[in-house]
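Coordinates in review
Given next are the chains, with one letter for each unit.
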Amino acid sequence: MYRTENCGELTEAHVGKSVKLAGWVQKRRDLGGVIFIDLRDRSGLVQIVVNTETAPDAFIIADTVRSEYVISVSGHVVKRDPQSVNEKMSTGTIELLVEEMAIINKAKTPPFAIKDQVDTADDVRLKYRYLDLRRPEMVETLKMRHRITQKIRKYLDEKGFLDIETPILTKSTPEGARDYLVPSRVHPGEFYALPQSPQLFKQLLMVSGMEKYYQIARCFRDEDLRADRQPEFTQVDIEMSFFEQEPFMSMMEQLMVELVDEVKGVKVTSPFLRMTHREAMARYGSDKPDIRFDMELKDLSDIVKDSSFKVFQQAVLGGGQVKAINVKGQAEAYSRKAIDELAVFVSTYGAKGLAWLKVDEGGFKGPISKFFDESTAEKMAAQTQAENGDLLLFVADKAKIVADSLGALRVKLAKDLGLIDESVLSFLWITEFPLLSYDEEAGRYVAEHHPFTMPMMEDIEKLESKPGEVRAQAYDLVLNGYELGGGSQRIYQRDIQELMFKTLGFTKERATEQFGFLLDAFEYGTPPHGGIALGLDRLVMILSGRSNLRDTIAFPKTASASCLLTNAPSEVSPDQLKELSLEIDKPKITK
RNA sequence: GGACCCGUGGUGUAGUGGUUAACAUGCCUGCCUGUCACGCAGGAGAUCGCCGGUUCAAAUCCGGUCGGGUCCGCCA
């Protein structure tokens, strides 16, 4: 037996007991006649002491031990003298007095120190991910991820949901994200796709009468990465029959309430705030607003449309908007140069400029103040709740650009100014999403959520006349400015589903070819159903206080979707290609 | 597809045209019996990501390329 206890779990209750420990050498401190070793395992650290006089054989071994050696020790747990207690260690009041020691395996000096304070570049960490994962904060994050999935499984099990697996090798569908493709050997020239989500299968399970399904499912999307986006990620996928939106949302809320209480000890109140998509876009310029701070977008279009400031005037005349955010009390803090930098920031979202006004006792100050007469200025001040010392920032443009740029600026300023209370978990639901949006590039409407989302019944007759105005029975769960997940009531009637495909520009033939199996299935007694998919990685990221999804995934990909540990993706042999009837059109220039 | 930032001993940084590339930490050796950022003394370790150009001279300037990161587009 290698060990009787775990390092980090030793307490004063063990004092006087003989125990065996095994683990990695965190740190060796050699004082000549006595050697201290901090021994680490998954549970934490404990100090072990080897004395040349009381344990001469062990001392000889301890003398040769180095960082990250795997060792086993036995001895007695003793209480430390009061003056040698280490308050920074959870096991700091005790230590193990070593009697025997053995080296189980030696270790090369690791390329970086195994400790929490990371000062190592991401690429080095990822190349040696197995060492990076030894760092306590990484262990803690993966432990939290485990506790989260365990809680989700327990909760859904208690509510009667069945965990059912769906295929990883499946059918490519053109809607939505780009697919990862897998060539078929048996069917030359044909491909499987990895699932973007188990969407179709979970609906088919509802047709099957499974009634309540869930899966913690890996999903794949061949799109460019972000700090909160990986090409393979994990969804908590949930679907139920005889679905009604309100009770379902309540059940999801209850899961979140219990989960954050268990995992973080944070109490959040239910029901969560609900906000329509239209309101979120108007007030926050985002469909996933961070409502931990104010600084809302204020519409000034009507007030300034007759002003002599041409930029504002023309934006409104052209069908656009003029909106502002009020940066409270920051007029002095932002110099002209600092505001110029903010203008560069909003330009990435397509804004052509960032107008500004500072408020002081004499009224508005700044280069554009001369364009507004007294009564206009008063109305602007009232609309933005402007007071002395405030800084107003304006964007005048098409609605989308105004929302994107001011929405992003609002979040950036809040972060820069420290307006966000990081201890708060701020959940809300966004409802009544548009069903469709017009894709300029494709020259047609595309599904905002996915093509199986049920339109709102009162909008359904507009599907053919004004598709852009149809709202969906869809909802997103938002946490602290991140989209945690989204779901909807699904279409479960063949005729509505066919109408939807038609609206999306599918010919009847193509709809049959791509989704005929679903349309057919709907004709065999399909219950109304709906559900949600939650981004597990993002949930772990937020609850563990990380700002990057990579830190919540044991073996993540880099920004260019490669794995630095295994060097995937990589070239394959000509034989492998031949077997799959594949030819490489543009061979990479070999190194 | 685009923009921006980064690349210098194992690790993290300094050096921004001119001697032997500096510092911290880590590593190695020796000394040290209560350390926990142990201490003290000594030592090894870098063709400055790669290729090309400018120059008498390049870690430094220019172009390209590769790798990492953040964002826009893309993606729910």
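It should be emphasised that the depicted structure is a prediction, and the values quoted were computed from it without experimental measurement.

**Points about the overall build of chain A**
Scanning chain A from terminus to terminus reveals 17 helices and 22 strands. Taking the principal axes of its C-alpha atoms as reference, chain A extends roughly 90 × 75 × 55 Å. When burial is assessed residue by residue, chain A has 47% of its 591 residues classed as buried. In the structure as shown, chain A presents an accessible area of about 30,300 Å², 50% of it carried by carbon and sulfur atoms.

**Some words on the sheet that holds strand S9 (residues 212–220)**
The strands making up a sheet associate through hydrogen bonds between their backbones, and the pairing can be parallel or antiparallel. Across the sheet, eight strands lie side by side as S6-S9-S10-S22-S21-S20-S17-S11; this open sheet has mixed pairing. Where the open sheet ends on each side, the last strands, each with one partner, are strand S6 (162–163) and strand S11 (273–276). In terms of strand pairing, S9 meets strand S10 (residues 232–241) through nine bridges, oriented antiparallel. Of the residues in S10, the one forming a bridge with glutamine 215 is aspartate 237. Strand contacts of helix H6 (residues 245–264): S10, S11, strand S17 (427–431), strand S20 (474–479), strand S21 (482–489) and strand S22 (529–535), with the helix running at about 160° to S17, the strand carrying the most contacts.

**Considerations on the environment of methionine 275**
The topology assignment puts methionine 275 in strand S11. Apart from residues lying up to four places away in sequence, methionine 275 is in contact with Ala280, Arg283, Tyr284, Leu428, Trp429, Ile430 and Thr431.

**Considerations on the domain arrangement of chain A**
Considered domain by domain, chain A is made up of domain 1 (12–105), domain 2 (115–242 + 533–582), domain 3 (293–420) and domain 4 (437–470 + 493–526). Each of domain 1 and domain 3 has a C-alpha centre, and these two points are 62 Å apart.

**Some words on the protein's contact with RNA strand B**
Taken together, 48 residues surround RNA strand B, and among them Asp30, Glu53, Ser84, Asp119 and Asn548 come closest. A share of 56% is what sugar and phosphate atoms reach among the atoms of RNA strand B within 4 Å of the protein. Between RNA strand B and the protein, one listed contact pairs a sugar or linking oxygen with a backbone N or O atom of aspartate 119 at 3.4 Å. With respect to RNA strand B, the side chain of arginine 550 contributes an N or O atom lying 3.2 Å from a phosphate oxygen. Counting only elements with at least two residues in the surface near RNA strand B, the list comes to strand S1 (18–30), strand S2 (34–41), strand S3 (44–51) and helix H2 (122–127). Among the elements that line the surface near RNA strand B, the one with the most residues is S1, at three residues. Residue composition of the surface near RNA strand B, grouped by class: 11 nonpolar, 17 polar and 20 charged.

**Remarks on the side chain of threonine 453**
When you line up the elements, threonine 453 lands in the loop between strand S19 (444–447) and helix H13 (462–465). Within the local environment of threonine 453, its side chain forms a polar contact with the backbone oxygen of histidine 450, the two atoms lying 3.0 Å apart. Every residue in contact with threonine 453, bar those within four places of it in the chain, is listed here: Leu435, Ala472, Gln473, Ala474, Ser488, Gln489 and Ile491.

**Some thoughts on the pairing of S9**
The pairing of S6 with S9 spans two bridges and is parallel. Paired with aspartate 163 across the two strands is tyrosine 214, which belongs to S9.

**A word on the nonpolar core**
By size, the foremost hydrophobic cluster in this structure holds 38 residues, and its most contacted members are Ile148, Ile238, Phe248, Met252, Leu259, Leu425 and Phe427. Listed by contribution, the elements that provide at least two residues to this core are helix H4 (136–158), S10, H6, S17, S20, S22 and helix H16 (536–543). Looking at this core element by element, the count peaks at 10 residues for H6. In this view, phenylalanine 427 contacts Met256, Val260, Val268, Phe272, Leu273, Leu477, Val478, Leu479 and Leu484; residues no more than four positions away in its chain are not counted.

**Notes on the pattern of salt bridges**
Counted under the stated rule, the structure contains 52 salt bridges. A salt bridge links arginine 80 to glutamate 95, with the nearest nitrogen and oxygen atoms 3.7 Å apart. Linking arginine 80 in the loop between strand S4 (70–79) and strand S5 (94–105) with glutamate 95 in strand S5, this pair joins segments that are 15 residues apart in sequence. A residue is classified by how much of its surface remains accessible, and glutamate 95, at 14% relative accessible area, is buried.

Cut-off values and rules
- Residues numbered from 1 in each chain as written.
- Chains lettered and ligands numbered in written order.
- Predicted model: local features only at pLDDT ≥ 70, side-chain atom pairs only at ≥ 80, totals over all residues.
- Heavy atoms only, no water.
- Helix = DSSP H or I, 4+ residues; strand = E, 2+ residues; numbered from the N terminus.
- Buried < 20%, exposed > 50% of the residue type's maximum accessible area, 1.4 Å probe, protein only.
- Areas by Shrake-Rupley, 256 points an atom, 1.4 Å probe, with all protein chains shown as cover.
- Pairing = 2+ DSSP bridges.
- Contact = heavy atoms within 4.5 Å.
- Axes fitted to C-alpha atoms, helices over the stretch in contact; angles between N-to-C directions.
- Domains from an automatic or database assignment.
- Near = heavy atom within 4 Å.
- Polar contact = N/O pair within 3.5 Å; in protein donor to acceptor, adjacent residues only side chain to side chain.
- Nonpolar A, V, L, I, M, F, W, Y, C, P; charged D, E, K, R; others polar.
- Core = buried A, V, L, I, M, F, W, Y, C linked by side-chain atoms within 4.5 Å.
- Salt bridge = Lys/Arg side-chain N within 4 Å of Asp/Glu carboxyl O.

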